[in-house]
Number of protein chains: 2
Amino acid sequence: MNTEEKIIKAAEEVFIEQGYDGARMQEIADRAEINKAMLHYYFRSKEMLFEKIFEEKVKVLFPTIGEQMKSYEGFTDKVCFFIEQYYQILIKYPFMPFFVISTINRKDDKHFIKKLPFGFIKEIFFESFFSDLQSGKIREVNPFQFAVSVMGMSIFPFLTRPAMKELIGINDEQFQILMQQRIDELKNYVRLILTPTNHA
Amino acid sequence: MNTEEKIIKAAEEVFIEQGYDGARMQEIADRAEINKAMLHYYFRSKEMLFEKIFEEKVKVLFPTIGEQMKSYEGFTDKVCFFIEQYYQILIKYPFMPFFVISTINRKDDKHFIKKLPFGFIKEIFFESFFSDLQSGKIREVNPFQFAVSVMGMSIFPFLTRPAMKELIGINDEQFQILMQQRIDELKNYVRLILTPTNHA
DNA sequence: AAATGATTTAACCAAATGGTTAAATTTTGA
DNA sequence: TCAAAATTTAACCATTTGGTTAAATCATTT
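Residues numbered from 1 in each chain as written. Chains lettered and ligands numbered in written order. Predicted model: local features only at pLDDT ≥ 70, side-chain atom pairs only at ≥ 80, totals over all residues. Heavy atoms only, no water.

Any chance you could break down helix H2 (residues 25-32) of chain A for me, citing the residues and the numbers?
Buried within H2(A) are the following residues: Met25(A), Ile28(A), Ala29(A) and Ala32(A). Buried positions in H2(A), seen along its axis, are confined to an arc of 100 degrees and lie on one side of it. (Buried < 20%, exposed > 50% of the residue type's maximum accessible area, 1.4 Å probe, protein only. Helix = DSSP H or I, 4+ residues; strand = E, 2+ residues; numbered from the N terminus. Arc of directions from axis to C-beta.)

An account of the domain arrangement of chain A is needed here, citing residue identities and associated values.
All names here are of chain A. Annotation of chain A at the domain level lists domain 1 (3-54) and domain 2 (62-194). Here the C-alpha centre of domain 2 lies 29 Å away from the C-alpha centre of domain 1. The partner domain 2 presents nine residues to the eight residues of domain 1 that form the contact. With both chains or domains summed, domain 1 and domain 2 bury close to 890 Å², and 77% of this area falls on carbon and sulfur atoms. (Domains from an automatic or database assignment. Contact = heavy atoms within 4.5 Å. Buried area = accessible area lost by both parts, 1.4 Å probe.)

Give me the relation of the copies chain A and chain B: which residues, what numbers.
Of the transformation superimposing chain A on chain B, the axial component is 0.0 Å and the angular component is 180 degrees, with the fit at an RMSD of 0.0 Å. Taken together, the rotation and translation relating the two chain copies correspond to the operation of a two-fold axis. Residue Gly152(A), judged by its C-alpha, is the member of chain A lying nearest the rotation axis, at 2.4 Å. Both copies present the same face, since 100% of the interface residues in chain A are matched by interface residues at the equivalent positions in chain B. (Least-squares fit on C-alpha atoms with pLDDT ≥ 70 in both.)

Could you give an account of the protein's contact with DNA strand D, naming the residues involved and the relevant values?
In the region of DNA strand D, 14 residues are neighbours, and Arg24(A), Lys36(A), Lys46(A), Met38(B) and Tyr42(B) sit closest. Here, DNA strand D places atoms within 4 Å of the protein, and 56% of those atoms are sugar or phosphate. The backbone of Ala23(A) places a nitrogen or oxygen atom 3.2 Å from a phosphate oxygen of DNA strand D. Here a base oxygen of DNA strand D sits 2.4 Å away from a polar atom, N or O, in the side chain of Lys36(A). Elements represented by at least two residues in the surface near DNA strand D include exactly helix H3 (36-43) of chain A together with helix H3 (36-43) of chain B. Among the elements that make up the surface near DNA strand D, the one with the highest residue count is H3(B) (four residues). Considered class by class, the residues forming the surface near DNA strand D number seven nonpolar, four polar and three charged. (Near = heavy atom within 4 Å. Polar contact = N/O pair within 3.5 Å; in protein donor to acceptor, adjacent residues only side chain to side chain. Nonpolar A, V, L, I, M, F, W, Y, C, P; charged D, E, K, R; others polar.)

Could you give an account of the packing of helix H6 (residues 75-92) of chain A against helix H10 (residues 143-159) of chain A, naming the residues involved and the relevant values?
Residues and elements named next belong to chain A. Put simply, H6 and H10 touch, their axes get as near as 11 Å, and they point 25 degrees apart. Judged by the inter-axis angle, H6 sits roughly parallel to H10. Viewed along their axes, H6 and H10 form a crossing whose handedness is right-handed. Together, Phe 75, Val 79, Phe 82, Ile 83, Tyr 86, Tyr 87, Leu 90 and Ile 91 of H6 and Phe 146, Val 150, Met 151, Met 153, Ser 154, Ile 155, Pro 157 and Phe 158 of H10 make up the contact between the two elements. In terms of residue class, the contact of H6 with H10 is made up of 15 nonpolar, one polar and no charged. (Axes fitted to C-alpha atoms, helices over the stretch in contact; angles between N-to-C directions. Parallel < 35°, antiparallel > 145°, perpendicular 65-115°, else oblique. Left-handed = near helix turned anticlockwise from the far one by under 90°.)

If you had to explain the protein's contact with DNA strand C to someone new, which residues and values would you point to?
Surveying the vicinity of DNA strand C reveals 14 residues, the closest of which are Met38(A), Tyr42(A), Arg24(B), Lys36(B) and Lys46(B). By atom count, sugar and phosphate contribute 56% of the portion of DNA strand C lying within 4 Å of the protein. Between DNA strand C and the protein, one listed contact pairs a phosphate oxygen with a side-chain N or O atom of Thr3(A) at 2.9 Å. One of the backbone N or O atoms of Lys46(B) is found 2.8 Å from a phosphate oxygen in DNA strand C. Broken down by element, the residue count for the surface near DNA strand C peaks at four residues, all from H3(A).

If you had to explain the packing of helix H10 (residues 143-159) of chain B against helix H12 (residues 172-194) of chain B to someone new, which residues and values would you point to?
All names here are of chain B. In the contact formed by H10 and H12, the axes pass within 10 Å of each other and the chain directions differ by 165 degrees. The orientation of H10 with respect to H12, classified from their angle, is roughly antiparallel. Regarding H10 and H12, the two cross each other, and that crossing is right-handed. Residues Phe 146, Val 150, Met 153, Ser 154, Pro 157 and Phe 158 of H10 form the contact with H12, whose own contacting residues are Phe 175, Met 179, Arg 182, Leu 186, Tyr 189, Val 190, Ile 193 and Leu 194. Looking at the contact of H10 with H12, its residues break down into twelve nonpolar, one polar and one charged.

Any chance you could break down helix H4 (residues 46-61) of chain A for me, citing the residues and the numbers?
Residue and element names in this part refer to chain A. Look at H4: 22 Å from first C-alpha to last across 16 residues, which is about the 22 Å you get at 1.5 Å a residue. Turning to H4, its buried residues are Lys 46, Leu 49, Phe 50, Glu 51, Ile 53, Phe 54, Lys 57, Val 58 and Leu 61. For H4, the secondary structure elements touched by its buried residues are helix H1 (3-22), H2, H3, H6, helix H7 (96-104) and helix H8 (110-113). (Expected span 1.5 Å × (residues − 1).)

Give me the interface of chain A and chain B: which residues, what numbers.
Contact residues are listed per partner, giving 46 residues for chain A and 46 residues for chain B. Buried area between chain A and chain B, summed over both chains or domains, comes out near 4,300 Å², and the portion from carbon and sulfur atoms is 70%. Taken together, chain A and chain B are joined by four salt bridges. Across the pair Glu17(B) and Lys107(A) runs a salt bridge, and its minimum N-O distance is 3.4 Å. For the interface between chain A and chain B, the tally reads 14 residue pairs in polar contact (both at pLDDT 80 or more). (Salt bridge = Lys/Arg side-chain N within 4 Å of Asp/Glu carboxyl O.)

If you want it as structure tokens, here you go:
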């Protein structure tokens, strides 16, 4: 592992654990086992180092699920597939949601918001939604509110992970199991919401 | 408004906007239009001032909805009432969710997690759930996962508010309207999830 | 091997930070 | 009224912060 890689690994850890304001350049240097001046040699400033990390991490969190979703026929199946795939990522990187949320909530910083690659999923989502709506395959819900709901149901427990662990007294492993079980529960909710009522 | 109140008001603003690490005692003093030494005179330290603010704000976010919920008969109605009431608070204090989430995610800090008053709602929720489940009034879902889902659907948009505003190009007022509309949509989702399928 | 460029180190710096102190001012109560 | 207590101020402090610099070391190329 070369110096640059060591820095990135250490910076990831520290920024994710402590947030931008809480992170200390010295601590990043210590964890990377390099001189603090090296941080600036490779990345010029704290801000630029953070940006590098953020970009890399966002790529992990917003992967090419969109592409894969195309292979599913109906809207409901697409959404269920999204949940399934997204949870594999979330379970692997449970700290990512808070990292992203705390970054986009940083005062006066629309810069990072613009880096979120939402376009890819928007198209497929809405196109598929209206297609299935017209053919009566799904119930008439507000697509925007529905999307936010699916995201919220999915991501929320990862944002409250420390509280959940403490309040119901579980460790990381048990949390992981709980989230694994959650996948089917969420898919079920989605089906119940989207499946039209039988007017026989 | 006396000095202590001025400090609290200013501290609220700054801690909520900037987070604990980002907040500066000098900025709090400036906004309160008092000398920085006064902060320490009244609250000893940054940590203690923050604790004061957190406690006050948590009281606002976790109010006596629990009590009021008792007056609703069925589980479904209780949940819908909760959403309705909770949204009135969220719309009024849209920045609170991020404030609480970022506090409980602070490294090695179970202290604040323990301050979250969840007990009040837990009892009513589970008792009512199992009661209605037995009498066949609701579908058999996992009560824990369901609770997290309702919370997630409700709170999530307030955590992503800056991103939502930017991405779909709306201002605070429009966001508020969107959230007002969201109430009925969420209540609808809850009913669709909980209403048992008719096996005629 | 010598020169060149890339990498690393240690010492350093100015600014900002949370916090303190002692004196000055205002408020209170006997 | 006047002394004691509470409040406010300005100056100060030690430490930490992100960042710099110049010299030293290492790698590469001719």
